[in-house]
Amino acid sequence: MAVPPWLLLTFTFFLTITTTHSTPSDDVVLLLTKIKPSLQGPTQNRILSSWNTSVPLCEWQGLKWVFTNGTQLICTPISSRNWSDLSLSKNPALHLLSLQLPSANLSGNLPPELGDLSNLQSLYLSFNSIMGSIPLELGYSSSLQDIDFSYNLLNGSVPVSVWNLCDNNKLVSFRVHDLSLSKNPALHLLSLQLPSANLSGNLPPELGDLSNLQSLYLSFNSIMGSIPLELGYSSSLQDIDFSYNLLNGSVPVSVWNLCDNNKLVSFRVHGNLLSGSIPKPGLPNASCANLTVLDFGRNLFTGVKRV
């Protein structure tokens, strides 16, 4: 028996409506099958138990979402429709924007799939008991800007792939404070260049611990505070540019330690709020024979101090 055309049209329309958003978002699949099991470790985690398709997406703790068109998923107030919408986890247009779970009793490992979250910008997992190493896949993310793994039990070395995140000035902050990371002699940062990267913190004294760092360019930011004296204890720094920031205080005399073996080639601090006397380059037992660029312009200096 022939099927009337109107019946076929009705069936097709019904099928289209009922299959809309039937497939979970790729990010939801990664969260549930890879990331959640890896982060929580051997025992069930109360916070991660909220990551469940029987729970509305807005109640999944520690997460923020964005649609493909760039619009963020609004989950407040609680009375909003989104708060109770169970279908959102099946919307393929939703992507994870932020994963923030500090002090969440996590005791597992960092899953390599974190690097597959194509819209993830913020990853804050500080003050947990996460073990193992930092996965090299993290450096292949196309979107990560802020990372904080401080105060965990991570070991091994920082994979050199992490610095891929500096492409197009994406990376804004990377914190691994108080970890047991080793210094792998095969993985050494040679250059850190983040001009015009919207940085607004302070210069960490640990910059002086990067044993192979030769170039440090952080100009045109809003970096505050003083120049750490530890910078002068670097064994490799040759070129430094802190121009056009908000640095204050004085230039530490230890900076001229970098002239040992004629390493220091350029030192620029133009356009800051530095004050006090300008130390004459060099120390009693070191000259700055290769220092070709020294720019102290547009600061608050009062004179020259000979040391």
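Note that the structure is a prediction, hence the values are computed from the model and not measured. Each chain has its residues counted from 1, following the order in which its sequence is written. Totals for whole chains, interfaces and linings use every residue, but because this is a predicted model, local features are given only for residues with pLDDT of at least 70 and side-chain atom pairs only at 80 or more, for both listing and counting. The basis for every side-chain value is the complete set of heavy atoms in the structure, and neither hydrogens nor water enter the calculation.

Engineer: How do you make sense of the overall build of the chain when you look at a structure like this?
Structural biologist: Scanning the chain for helices and strands turns up two helices and 16 strands. Here's how the labels work: a residue is buried when its accessible area is under 20% of the maximum for its type, exposed when over 50%, partly exposed in between, all with a 1.4 Å probe on protein chains only. Residues counted as buried form 43% of the 307 residues belonging to the chain. Accessible surface, the chain: about 15,900 Å² in total, of which carbon and sulfur atoms supply 55%. Helix and strand labels come from DSSP, where a helix needs a run of H or I of at least four residues and a strand needs a run of E of at least two; each type is numbered from the N terminus. In this description, accessible areas are obtained by the Shrake-Rupley approach with a 1.4 Å probe, and a residue is regarded as covered only by the protein chains that are shown.

Engineer: Any chance you could explain the packing of aromatic side chains here in plain terms?
Structural biologist: Geometrically, a pair of aromatic rings is defined through the distance of the ring centres and the angle of the planes. For Phe, Tyr and Trp, rings pair up if their centres lie within 6.5 Å, where Trp contributes its six-membered ring, and each pair is then called stacked (planes under 30 degrees apart), edge-to-face (over 60) or tilted (otherwise). Taken as a whole, this structure holds six aromatic pairs when the rule is applied. When the centroid spacing of 6.3 Å and the interplanar angle of 75° are considered together, the rings of Trp60 and Trp65 count as edge-to-face. According to the relative accessible area criterion, Trp65 is buried, its value standing at 2%. Centroid distance Phe127 to Tyr151: 4.5 Å. Interplanar angle 15°. Geometry classified as stacked. Linking Phe127 in the loop between β3 (122–124) and β4 (131–132) with Tyr151 in the loop between β5 (146–148) and β6 (153–156), this pair joins segments that are 24 residues apart in sequence. Relative accessible area serves as the criterion here: at 33%, Tyr151 is assigned to the partly exposed category. An aromatic cluster is present here, built from Trp256, Phe267, Phe296 and Phe301 joined pairwise through their rings.

Engineer: Hey, could you run me through the state of the cysteines in this one?
Structural biologist: Should the sulfur atoms of two cysteines be covalently bonded, the bond is a disulfide. Cysteine sulfur atoms are paired as a disulfide whenever they come within 2.5 Å of each other. Scanning the model with the defined rule gives two disulfides in all. Linked covalently through their sulfurs, Cys259 and Cys288 form a disulfide whose S-S length is 1.7 Å. Across the disulfide from Cys259 to Cys288, rotation about the S-S bond amounts to roughly 85°, and the bridge is consequently right-handed. In this pair, Cys259 sits in the loop between β12 (248–249) and β13 (266–268) while Cys288 sits in the loop between β14 (273–279) and β15 (293–295), placing the two residues 29 residues apart along the sequence. Like Cys288, Cys259 is buried. When the bonded cysteines of the chain are counted from the start of the sequence, the pairing works out to 1-2, 3-4.

Engineer: Whenever I open this one, the sheet that holds strand β1 (residues 63–67) confuses me. Can you help?
Structural biologist: Consider a sheet: its strands pair through backbone hydrogen bonds, and that pairing is either parallel or antiparallel. Sheet architecture is open: five strands sit in the order β1-β2-β3-β5-β7, paired in mixed fashion. The sheet is open, and its two borders are formed by β1 and β7 (173–175), each paired with just one other strand. Neighbour to neighbour, the strand axes of the sheet diverge by 20° on average, direction disregarded. Here β5 pairs with β7 via three bridges, running parallel. Following the sheet pairing, Asp148 is matched in β7 by Arg175. Strands qualify as paired when DSSP identifies two bridges or more between them. All axes here are fitted lines through C-alpha atoms, helices being fitted over the stretch that makes contact, and every angle between N-to-C directions spans 0 to 180 degrees.

Engineer: So what exactly am I meant to see when it comes to a nonpolar patch on the surface here?
Structural biologist: Taken together, the side chains of Met224, Leu246, Leu273 and Leu300 present a nonpolar region at the surface, about 350 Å² in accessible area. Following the sequence through the fold, Leu300 ends up in strand β16 (residues 300–305). Two joining distances apply to patches: 9 Å for like charges and 5 Å for nonpolar side chains (Val, Leu, Ile, Met, Phe, Trp, Tyr), and every residue must have over 30% relative accessible area and no salt bridge. Think of a salt bridge as a Lys or Arg side-chain nitrogen and an Asp or Glu carboxyl oxygen that are within 4 Å of each other.

Engineer: Looking at this structure, I do not really get the sheet that holds strand β10 (residues 215–217). What am I missing?
Structural biologist: If you trace the five strands from one edge of the open sheet to the other, you get β9-β10-β11-β13-β15, paired in parallel fashion. One side of each edge strand has no neighbouring strand; the edge strands of this open sheet are β9 (191–193) and β15. Recorded for the sheet is a direction-independent mean angle of 10° between the axes of neighbouring strands. Examined bridge by bridge, strand β11 (residues 239–241) and β13 share three bridges and lie parallel to one another. For Asp241, the partnering residue across the bridge sits in β13 and is Arg268.

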